[in-house]
Amino acid sequence: MSSLLSIGKSGLLAAQVGLSTTGNNITNAGVVGYSRQAAIQSDTATLDQGFGFVGTGTEVTAVRRYYDNFLAVQLRNAESNQASLDAYTKQISQIDNLLADPTAGLSPALQDFFNGVQDATSNPASAASRQAMLSTASSLASRFQGLSARLSEIATGVNGQITSNVGEINSYATQIAALNKTIAALSTDGKAPNDMLDHRDQMLTELNKLIKTTVIPGDNNTLTVEFGTGQPLVVGGTAFQLATSTSPTDASRVTVGYQSDSGVFSALPESVLTGGQLGGLISFRNGAMDRAQNSLGQVAAGLAVSFNAQHVLGQDQNGALGTAFFNPINAYVGPSTRNSPVSTASVSAVVTDASKLTASDYSVDYDGTNFNVTRLSDGQITQINPFPQAVPQTIDGVDYTITGAPVTKDNFLVRPTYTAADQFSVAITDRTKIALAAPVATAAPTANAGNGKISAGTVDVNYLTPGNALAAPVTLTYDKATGSLSGFPPAQDVTVTVNGVATVYPAGTPTVPYTDGAAISFGGINFNISGTPADLDTFTIGPNVSGVGDSRNGALLAGLQTKNILDNGNATYQTTYAQMVNFVGNKAREAQISGSAADAAVAQATTQQQSVSGVNLDEEAANLLRYQQAYQACGKVMQVASTLFDVLLNLR
């Protein structure tokens, strides 16, 4: 009777554990990260009764957690990718909405400015038109500065989110390390604290939403957590702390690295910070964010430099040569805080050529012998030669001037266009100094007997060379017998271009052959003479002494709007800006499409993971009924054993 009682008792206890486990599943069905559990029963040892072996009951050998590591890793990776795309999409949508706005974008302000230039060109003597041109220029500068400020605000917000994410990563790493210690202490004789394992897995899930990690199983159910290319975050019970610090070459950016117990910061390559919100933010900042800011600056710097280059070739209402219409654009130069304290090296960079300007950043490094300028977009290296410099060296449209005594490994970050939109401003405040006229005037006297004509003259940058500007008129005389022109300034070369073929006649050449319609230039002055001059007909080229109503240079300024100036002469201001807007729009659309795919991947991975680990209330209700019946049946066994035992006690 005692063996039957013991058997019933073992079944009763097993059913009780089953009821408790099932009840725990039901009550935790809505808990995120909970994995369903099941009581695993097995029979106890049998006893040899001579006639055979008789069982002694049952026992609960374990309470198993239903968990598939492959499915869990798959889900974590999917959620990490989803979080990365969500963070990227939220940020790039701000830029997309900002740049593509038909009223707040740059295109309307550019159009208004050139409308103002055209109006002033049409009415060069009108004070109102000139003042309106200055007003539209100021509005354009405000638009550039406003867009740059908004992009800077977004960048500052990204810095804040990166710092916040790093703090959350450290918090999860610390909790996982603490759970590792507790789990290791409780994992004895093959038993594992299921609820703690679930809690730790949920911490890993939340961590992966911040940064993609790799989990390596260890002894006693501990885990090692790594990110990137094997950078440790948690090893056993030890959590490695990340931190943020200001970039050594750019105070407007934060970098991520390890923080030692002594407070020493070691920056990590941004290429290892992938996946999760942090990876999405880093990808956005290094991609669309920098591209938008640099491309906007490329338009601003290109416009300022090219407009100035043409404006200084004109003549203002006071009869003086034009000055810079916009203030110069200085590239951002960030000397590394890690440079040697004894180094006195200094780098300055000024944008001078709009056509060669790129939207890339540059690294200037001293190797102990030479300074090397590396274009970061493609790694192309240009050496500063010679060093020390006698004159600035132009690289990709930027004049580099390096002074002082450098020390090996000195480093400077140069961003030619990143701050250009913020610097864009109007230099001229006096409307009379707008140089709409050309500084030279040409004439063919009415006394000429032939029908030769001379075009309105223009000047190029060579006219600004000292000694080339005309102080008095130059008179060219046609000699019919020799078919040539004479009277050119003796100190200047003369270039004659016929059908695209240029012939240079050295300074002092007494006569130059005449060709109908040929382009003639000397000292930076360009003109054409066409027709059939008569013998001794003259043509005059001299200073423009009545340029108030002249708008030849204004027409050239207005023509810059549709001229291919940027990108090595392949793009206008508007097309360069449109390319940037299209790039950002395409990236935003790509992120949205990828985000939808990531959502579907997470949903699918969740379904697969929950099919193993999720609590099915219908199934648990059936189990509850099954264990209830088992409990009642085992109780009946014990009742029968008790009745039989009473029968034995009552025997006489």
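Below is a summary of the structure that appears in this document. (Residues numbered from 1 in each chain as written. Predicted model: local features only at pLDDT ≥ 70, side-chain atom pairs only at ≥ 80, totals over all residues. Heavy atoms only, no water.)

Within the chain, the secondary structure is distributed over 11 helices and 30 strands. For the chain, whose C-alpha radius of gyration is 41 Å, the value lies well above the compact-globule estimate of 26 Å for 652 residues. Looking at the 652 residues of the chain, the share that counts as buried comes to 44%. By sequence separation, contacts in the chain at least 24 residues apart represent 70% of the contacts at least 6 residues apart. A total of about 30,200 Å² of accessible surface is found on the chain, and carbon and sulfur atoms cover 54% of it. Of the charged side chains in the chain, 33 are positive and 48 negative; the average position of the first set lies 6 Å away from that of the second. (Helix = DSSP H or I, 4+ residues; strand = E, 2+ residues; numbered from the N terminus. Rg over C-alpha atoms; globule rule 2.2 N^0.38 Å. Buried < 20%, exposed > 50% of the residue type's maximum accessible area, 1.4 Å probe, protein only. Contact = heavy atoms within 4.5 Å. Areas by Shrake-Rupley, 256 points an atom, 1.4 Å probe, with all protein chains shown as cover. Lys, Arg positive; Asp, Glu negative; His and termini not counted. Charge placed at Lys NZ, Arg CZ, Asp CG, Glu CD.)

A cluster of nonpolar side chains, contributed by F645, L648, L649 and L651, occupies part of the molecular surface with about 430 Å² of accessible area. On the basis of relative accessibility, which here comes to 43%, the residue F645 falls in the partly exposed class. (Patch = residues over 30% accessible without salt bridge, like charges linked within 9 Å, V, L, I, M, F, W, Y side chains within 5 Å. Salt bridge = Lys/Arg side-chain N within 4 Å of Asp/Glu carboxyl O.)

A few words now on the environment of A320. Mapping A320 onto the fold places it in the loop between α6 (276–311) and β12 (332–335). Residue classification places A320 among the partly exposed residues on the basis of a relative accessible area of 35%. Sequence separation of A320 and A435 is 115 residues, and the distance between their C-alpha atoms is 8.4 Å. Apart from the residues within four sequence positions on either side, A320 is in contact with G314 and Q315.

Our focus in this paragraph is unusual backbone geometry. Most peptide bonds take the trans form, and the phi angle of most residues other than glycine is negative. At the junction of N385 and P386, the peptide bond is cis and its omega measures out at 0 degrees in the coordinates. Note that P386 resides in the loop between β16 (381–383) and β17 (393–395). Although it is not a glycine, D396 sits at a positive phi angle of roughly 50 degrees. Within the secondary structure, D396 is located in the loop between β17 and β18 (398–403). One non-glycine residue with positive phi stands out, namely N568, at about 55 degrees. Here N568 shows up in helix α9 (residues 566–569).

An order of β9-β10-β11 is seen for the three strands of this open sheet, with the pairing classed as antiparallel. The open sheet terminates on both sides in strands that have one partner only, identified here as β9 (242–246) and β11 (265–267). Along the sheet, successive strands turn relative to each other by an average axial angle of 50 degrees, direction set aside. In the sheet, strand β10 (residues 254–259) pairs with β11 via three bridges, with the strands oriented antiparallel. If you follow Y258 over to β11, its bridge partner there is S266. (Pairing = 2+ DSSP bridges. Axes fitted to C-alpha atoms, helices over the stretch in contact; angles between N-to-C directions.)

Read across the sheet, five strands follow the order β20-β30-β23-β24-β27 without closing on themselves; strand pairing throughout is antiparallel. Each edge of the sheet is formed by a strand with only one pairing partner; in this case those strands are β20 (440–443) and β27 (511–513). Strand-to-strand twist in this sheet, taken as the mean axis angle between neighbours without regard to direction, amounts to 25 degrees. Here four bridges tie strand β23 (residues 474–479) to strand β30 (residues 538–543), and the two strands are oriented antiparallel to one another. Residue pairing for β30: L476 is matched across the bridge by F539.

This brings us to the nonpolar core. Ranked by internal contacts, the top residues of the largest apolar core, which has 108 residues, are F144, F307, F325 and Y400. The element contributing the most residues to this core is helix α4 (residues 127–186), with 20 residues. Contacts of F307, omitting those with residues within four sequence positions, involve F113, F114, V117, M133, F325, F326, L557, L560 and Y573. V459, V496, I525 and F527 belong to the second-largest nonpolar core, a separate cluster that totals 25 residues. (Core = buried A, V, L, I, M, F, W, Y, C linked by side-chain atoms within 4.5 Å.)

It is worth spelling out the pairing of strand β25 (residues 494–498) at this point. Examined bridge by bridge, β25 and strand β26 (residues 501–505) share five bridges and lie antiparallel to one another. Looking at β26, one finds that T495 is bridged to V504. Between β25 and β26, which follow one another and run antiparallel, lie two residues, and N499 among them has a positive phi close to 50 degrees. Note that β25 and strand β28 (residues 519–522) share three bridges and pair antiparallel. The residue of β28 that forms the bridge with T495 is S521.

Among the residues of helix α8 (residues 552–559), those classed as buried are N553, G554, L557 and A558. Viewed along the axis of α8, the buried residues span an arc of 140 degrees, placing them on a single side of the element. The inward-facing, buried residues of α8 contact α3 (106–122) and α6. (Arc of directions from axis to C-beta.)

Time to look at the environment of A141. Position of A141 among the secondary structure elements: in helix α4. Once the C-alpha coordinates of A141 and F326 are considered, the two residues, 185 residues apart in sequence, prove to be 9.3 Å apart. Beyond its immediate stretch of four places on either side in the chain, A141 contacts F424 and S425.

Bringing the packing of α4 against helix α5 (residues 194–208) into the picture now. Working note: a packed helix pair is described by the angle between its axes plus the distance between those axes. Between α4 and α5, whose axes approach to 10 Å, the crossing angle comes to 160 degrees. For the element pair α4 / α5, the angle class is roughly antiparallel. Relative to α5, the crossing made by α4 is left-handed. Within the contact between the two elements, α4 uses I169, Y172, Q175, I176, L179, N180, T182, I183 and L186 and α5 uses M196, L197, H199, R200, M203, L204, E206 and L207. Looking at the contact of α4 with α5, its residues break down into 11 nonpolar, four polar and two charged. (Parallel < 35°, antiparallel > 145°, perpendicular 65-115°, else oblique. Left-handed = near helix turned anticlockwise from the far one by under 90°. Nonpolar A, V, L, I, M, F, W, Y, C, P; charged D, E, K, R; others polar.)

This next bit is on the pattern of salt bridges. Per the counting criterion, the structure on display carries 14 salt bridges. Between D250 and R415 there is a salt bridge, and its shortest N-O distance comes to 2.8 Å. Note that D250 is positioned in the loop between β9 and β10 and R415 in strand β19 (residues 411–415), a separation of 165 residues in sequence. Its relative accessible area of 4% is what places D250 among the buried residues. For R415, a relative accessible area of 1% translates into the label buried. With its nearest N and O atoms 3.8 Å apart, the salt bridge here joins E590 to K587. Taken as a pair, E590 and K587 lie in helix α10 (residues 573–613) at a separation of three residues, close to a single helical turn. Sharing partners across several salt bridges, the network here consists of D250, R253, D290, D361 and R415.

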